[in-house]
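As a plain string of letters, each chain reads:
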Amino acid sequence: MRARVLIRPKAGILDPQGQAVERALPALGFSGVANVHVGRLVELDVDDASQLPGMCERLLANPLIEDYEIIEGVAAHS
Amino acid sequence: MKFGVIRFPGTCDDVDAQLAAGRVGDAELLWHRDRDLRGVDAVIVPGGFSYGDYLRAGAIARFAPVMSQVIEFAHAGGLVFGICNGFQILCEAGLLPGALLVNDHLKFVFRQVNLDVVDADTAFTRSCPPRLSIPVKHTTGRYYSPTPVQVVLRYSAGENPNGSQDDIAGVINAEGNVFGMMPHPEHAVDPLTGSSDGLRMFESIRASVEARVGAGA
């Protein structure tokens, strides 16, 4: 099964990448942008989806500083 | 005494660490695939970009074969010293609390900084003066911990190079045998390069190992 894991900086922890992107967009003429956060995307094929939380806790994310969201059954990567 | 310096693919400060440790004792390199620490008295996890810093700095190195030996060594009370990427690895391995985040200004920082030794009663700082001049060079050095930690080194007032919480530059575990810091003492062991303050940390480790041997531990 194809799965997707979204990894985001935890709320409350300074996200300088998100801030830099938020400042860059108005400079290009895009207005009304707020609360930008930059995270990471991991896509993977897994036989046993029940292992995904363990993979996230132990390797894919650092739960101290990041939240993760598992999305199961996404379309296959071309 | 004998220091062991770990070399992962992508480590780049291993030779400097070996030369620095070699000024106060014997020092040999240990390969990331090793499953034996060869009887060393203290382990140094040096700086660099282990496994290309893929995923997160230190995240992959933590699972290297040699790290299971380092973790066992630490749990048995052995002295483990992480510098820069080594600090990141020890945090990822759970041997030290907290994590290192990208610098608040997002840039690589490379400069000499002053450090306040806020705890000189540790195995790694017992020979240190109250203030050290040591270089930093990193992009991912902003220390963060949601829980209180035992701070050993702080950036001196106004010198925090990365936005670290409470100016933290180095922390030690509750047992006092695992220590990590972002600045590079191995690059400050000769007046020729501006400072030899870093040598005090290696001397501290030697003194601690000798005191343990002397006490029959």
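Residues numbered from 1 in each chain as written. Chains lettered and ligands numbered in written order. Predicted model: local features only at pLDDT ≥ 70, side-chain atom pairs only at ≥ 80, totals over all residues. Heavy atoms only, no water.

What follows covers the overall build of chain A. Along its length, chain A carries 2 helices and 3 strands. Reading chain A from its N terminus to its C terminus gives the helix and strand order β-α-β-α-β. Taking 2.2 N^0.38 as the reference for a compact globule, 78 residues should give roughly 12 Å; the C-alpha atoms of chain A span a radius of gyration of 15 Å, well beyond that estimate. With the C-alpha coordinates of chain A rotated into their principal frame, the extents come out at 45 × 30 × 15 Å. The buried share of chain A, taken over its 78 residues, is 27%. The long-range share in chain A, meaning contacts at least 24 apart out of those at least 6 apart in sequence, stands at 68%. For chain A, the accessible surface area stands at approximately 4,900 Å², while carbon and sulfur atoms represent 53% of it. Looking at chain A, you have 7 positive and 11 negative side-chain charges, and the mean spots of the two groups are 5 Å apart. (Helix = DSSP H or I, 4+ residues; strand = E, 2+ residues; numbered from the N terminus. Rg over C-alpha atoms; globule rule 2.2 N^0.38 Å. Buried < 20%, exposed > 50% of the residue type's maximum accessible area, 1.4 Å probe, protein only. Contact = heavy atoms within 4.5 Å. Areas by Shrake-Rupley, 256 points an atom, 1.4 Å probe, with all protein chains shown as cover. Lys, Arg positive; Asp, Glu negative; His and termini not counted. Charge placed at Lys NZ, Arg CZ, Asp CG, Glu CD.)

Another aspect to go through is the sheet that holds strand 11 (residues 178-181) of chain B. All names here are of chain B. Strand order across the open sheet formed by 9 strands is 2-1-3-4-11-10-9-6-7, with mixed pairing between neighbours. Strands at the two margins of the open sheet, each flanked by one partner only, are strand 2 (26-31) and strand 7 (131-138). Neighbour to neighbour, the strand axes of the sheet diverge by 25 degrees on average, direction disregarded. Sheet topology note: the strand 6 (residues 109-117)/strand 9 (residues 150-155) ladder contains 3 bridges and is antiparallel. Across the sheet, the residue bridging to aspartate 116 is arginine 154, located in strand 9. Across the sheet, helix 3 (residues 85-92) is in contact with strand 3 (42-45), strand 4 (79-83), strand 10 (168-172) and strand 11; its angle to strand 4 comes to roughly 120 degrees. (Pairing = 2+ DSSP bridges. Axes fitted to C-alpha atoms, helices over the stretch in contact; angles between N-to-C directions.)

Moving on, we get to the layout of surface pockets. Considering only enclosed or pocket space, the largest pocket measures out at about 700 Å³ in volume. Among the elements of the structure, strand 1 (2-9), helix 1 (16-27) and helix 2 (52-60) of chain A together with helix 3 and strand 5 (99-101) of chain B are those that each provide at least two residues to the lining of the largest pocket. (1 Å grid on protein atoms, 1.4 Å probe; cavity = no way out; pocket = protein on both sides within 12 Å on 5 of 7 lines; lining within 4 Å. Points joined across faces, edges and corners; volume = space filled by probe spheres on them.)

To continue, consider helix 1 (residues 14-22) of chain B. Each turn of an α-helix holds 3.6 residues, which means side chains three or four residues apart point in the same direction. Residue and element names in this part refer to chain B. Those residues of helix 1 that sit buried are Asp14, Ala17, Ala20 and Ala21. Each buried residue of helix 1 lies within a common arc of 125 degrees when the element is viewed along its axis, so the set occupies one face. Each element contacted by the buried residues of helix 1 is listed here: strand 1 (2-7), strand 2, strand 3 and helix 4 (199-214). (Arc of directions from axis to C-beta.)

In this section: the interface of chain B and chain A. Counting residues at the interface gives 17 residues for chain B and 14 residues for chain A. Summing the contributions of chain B and of chain A, the shared interface buries around 1,300 Å²; its carbon and sulfur component is 68%. Three residues stand out in chain B for area buried against chain A, namely Leu55, Arg56 and Leu106 of chain B, and they jointly supply 38% of the buried area on that side. Where chain B touches chain A, the interface holds 1 salt bridge. Glutamate 66 of chain A serves as the salt-bridge partner of arginine 56 of chain B, at 3.9 Å between the closest nitrogen and oxygen. For the pair chain B and chain A, the interface holds 6 residue pairs in polar contact (both at pLDDT 80 or more). For the side of chain B that touches chain A, the secondary-structure elements that each account for two or more residues are strand 5 and strand 8 (142-144) of chain B. (Buried area = accessible area lost by both parts, 1.4 Å probe. Salt bridge = Lys/Arg side-chain N within 4 Å of Asp/Glu carboxyl O. Polar contact = N/O pair within 3.5 Å; in protein donor to acceptor, adjacent residues only side chain to side chain.)

Before going further, it helps to spend a moment on helix 1 of chain A. Taking 1.5 Å as the rise per residue, helix 1 of chain A with 12 residues should run 16 Å; its terminal C-alpha atoms sit 17 Å apart, in good agreement. In the segment just after helix 1 of chain A, glycine 29 of chain A is the residue with positive phi, at about 95 degrees. (Expected span 1.5 Å × (residues − 1).)

This paragraph deals with the pattern of salt bridges. Going through the model one piece at a time under the given rule, you end up with 16 salt bridges over all chains. With a closest N to O distance of 2.9 Å, lysine 10 of chain A and aspartate 67 of chain A form a salt bridge. A residue pair is termed long-range when its members are at least 10 positions apart, and lysine 10 of chain A in the loop between strand 1 and helix 1 and aspartate 67 of chain A in strand 3 (residues 66-72) qualify at 57 residues. On the basis of relative accessible area, aspartate 67 of chain A is assigned to the partly exposed category, the value being 36%. When the shortest N-O distance is used, the salt bridge between arginine 7 of chain B and aspartate 14 of chain B registers 2.4 Å. Residue arginine 7 of chain B is classed as partly exposed on the basis of its relative accessible area, which comes to 30%. Since its relative accessible area comes to 5%, aspartate 14 of chain B is described here as buried.

Here we take up the pairing of strand 9 of chain B. As a general feature of sheets, a regular strand has side chains that alternate between the two faces. With 4 bridges connecting them, strand 9 of chain B and strand 10 of chain B associate as antiparallel partners. The residue bridging arginine 154 of chain B from the neighbouring strand is isoleucine 168 of chain B, located in strand 10 of chain B.

Residue and element names in this part refer to chain B. Taken as a whole, this structure holds 8 aromatic pairs over all chains when the rule is applied. A ring pair is formed by phenylalanine 8 and tyrosine 51, whose centres lie 6.1 Å apart and whose planes are at 55 degrees; its orientation type is tilted. Within this pair, whereas phenylalanine 8 is found in the loop between strand 1 and helix 1, its partner tyrosine 51 is found in the loop between strand 3 and helix 2 (65-75), the two being separated by 43 residues in sequence. Phenylalanine 8 sits in the buried class, given a relative accessible area of 2%. (Phe/Tyr/Trp six-rings, centres within 6.5 Å; stacked < 30°, edge-to-face > 60°.)

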